[in-house]
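Examination of the molecular architecture
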Amino acid sequence: VKRWRRGQLSNFEYLMQLNDLAGRTASDVSRYPVFPWILKDYSAEKLDLSSPSSFRDLSKPMGCQHPDRADAFASRYAEWEEEGASGVQPF
């Protein structure tokens, strides 16, 4: 982490090292390396990497990137809270 923070490793090299430490390898399809999904705009003719609107909000999980989905998850969570009062615990 220190080398990455000092700029001695690229983001790709850092993620490859994390994947290696986790036992992930391109040689085994069941343990293929994992990389974060950071792009949001897949419909533009030309991707503008200088525009923040081209990237997803990394403070939110993938399921909550769109406001409709975020509302659906919030409603589901609220229902779990109500069920929790009746003895059924949310996971």
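Residues numbered from 1 in each chain as written. Predicted model: local features only at pLDDT ≥ 70, side-chain atom pairs only at ≥ 80, totals over all residues. Heavy atoms only, no water.

1. Quick word on the side chain of Ser 54
By the element assignment, Ser 54 lies in the loop between α2 (11-21) and α3 (67-85). By relative accessible area, Ser 54 is classed as buried at 4%. Here the side chain of Ser 54 touches Asp 48 through a polar contact of 2.7 Å, landing on its backbone oxygen. If near-sequence neighbours (up to four positions away) are discounted, Ser 54 is found in contact with Ile 38, Leu 39, Lys 40, Asp 41, Leu 47 and Asp 48. (Helix = DSSP H or I, 4+ residues; strand = E, 2+ residues; numbered from the N terminus. Buried < 20%, exposed > 50% of the residue type's maximum accessible area, 1.4 Å probe, protein only. Polar contact = N/O pair within 3.5 Å; in protein donor to acceptor, adjacent residues only side chain to side chain. Contact = heavy atoms within 4.5 Å.)

2. Some points on a nonpolar patch on the surface
There is a patch of nonpolar side chains on the surface, built from Phe 12, Met 16 and Phe 35 and spanning about 290 Å² of accessible area. In this structure, Phe 35 sits in the loop between α2 and α3. (Patch = residues over 30% accessible without salt bridge, like charges linked within 9 Å, V, L, I, M, F, W, Y side chains within 5 Å. Areas by Shrake-Rupley, 256 points an atom, 1.4 Å probe, with all protein chains shown as cover. Salt bridge = Lys/Arg side-chain N within 4 Å of Asp/Glu carboxyl O.)

That's the geometry; what it means functionally is another story.
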